[in-house]
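Survey of secondary and tertiary structure
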Amino acid sequence: KILDRLLMEQSPLTVLELGAHCGYSTVRIARVLPLGARLYSVEMDQRNAAIAEKIIRLAGFDDDTVELIVNPSDEVIPKLRSDYGLERLDFVFMDHWKKCYVPDLQV
């Protein structure tokens, strides 16, 4: 409920999720985003990403709303501008390996 409330209050248009795992939080985030918003979800494990992809698509979210990126966060974050055209992020949800939090925040 806290995440839902924060997202509804902020109404972010560009969201980065670090750690999709099986897609639960991805779907939870996507369902409360405003129309036209985009969620970039990063998952480093290919098997988890395959499950997340199925769940995200079964929940009705297409590539225009949720883009699943399968790579480690430390490889994705530095390329957000060049590879995905992102100039800014309105909201970041970190739910990946705890040891990556500080390094990812520094990138």
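Scroll up to find the structure.
One numbering rule holds for all chains: residues counted from 1, following each sequence as written. Per-residue local features of the predicted model are confined to residues with pLDDT of at least 70, and side-chain atom pairs are confined, for both listing and counting, to 80 or more; whole-chain, interface and lining totals are unaffected and use all residues. Only hydrogens and water are set aside when side-chain values are computed; all heavy atoms of the structure are taken into account.

Once that is clear, we can look at the pattern of salt bridges. Within this document, salt bridges are pairs made up of a side-chain nitrogen of Lys or Arg and a carboxyl oxygen of Asp or Glu, the two lying within 4 Å of each other. Taken as a whole, this structure holds 9 salt bridges when the rule is applied. Note that Glu67 is salt-bridged to Arg38, the shortest N-O span being 2.4 Å. Taken together, the positions of Glu67 in strand E3 (residues 66-70) and Arg38 in strand E2 (residues 38-43) put the pair 29 residues apart, joining distant regions of the chain. Exposure is judged per residue with a 1.4 Å probe applied to protein chains only, and the accessible area is read against the type maximum: over 50% gives exposed, under 20% gives buried, and values in between give partly exposed. The exposure class assigned to Glu67 is partly exposed, which follows from its relative accessible area of 23%. A salt bridge links Asp63 to Arg57, with the nearest nitrogen and oxygen atoms 2.7 Å apart. The exposure class of Asp63 is partly exposed, given its relative accessible area of 49%. Three or more residues are tied together by salt bridges with common partners; here these are Asp4, Arg28 and Arg31. A run of DSSP states H or I qualifies as a helix once it reaches four residues; a run of E qualifies as a strand once it reaches two. Both are numbered from the N-terminal end.

Attention shifts here to the sheet that holds E2. Strand pairing is defined by DSSP finding a minimum of two bridges between the two strands. Strands sit in the order E3-E2-E1-E4 across an open sheet of 4 strands; the sheet is parallel. With one partner strand each, in any of the chains shown, E3 and strand E4 (91-94) form the two edges of the open sheet. When the angles between neighbouring strand axes are averaged without regard to direction, this sheet yields 15 degrees. Summarising the sheet, strand E1 (residues 14-18) and E4 pair through 4 bridges and their orientation is parallel. Within E4, the residue paired with Glu17 across the bridge is Phe93. In the packing of helix H3 (residues 46-58) onto the sheet, the strands contacted are E2 and E3, and the crossing angle to E3 comes to about 170 degrees. Axes here refer to lines fitted to C-alpha atoms; in helices the fit is confined to the stretch in contact. Angles between the N-to-C directions go from 0 to 180 degrees. Whether two residues touch is decided by their heavy atoms; if any such pair falls within 4.5 Å, the residues are in contact.

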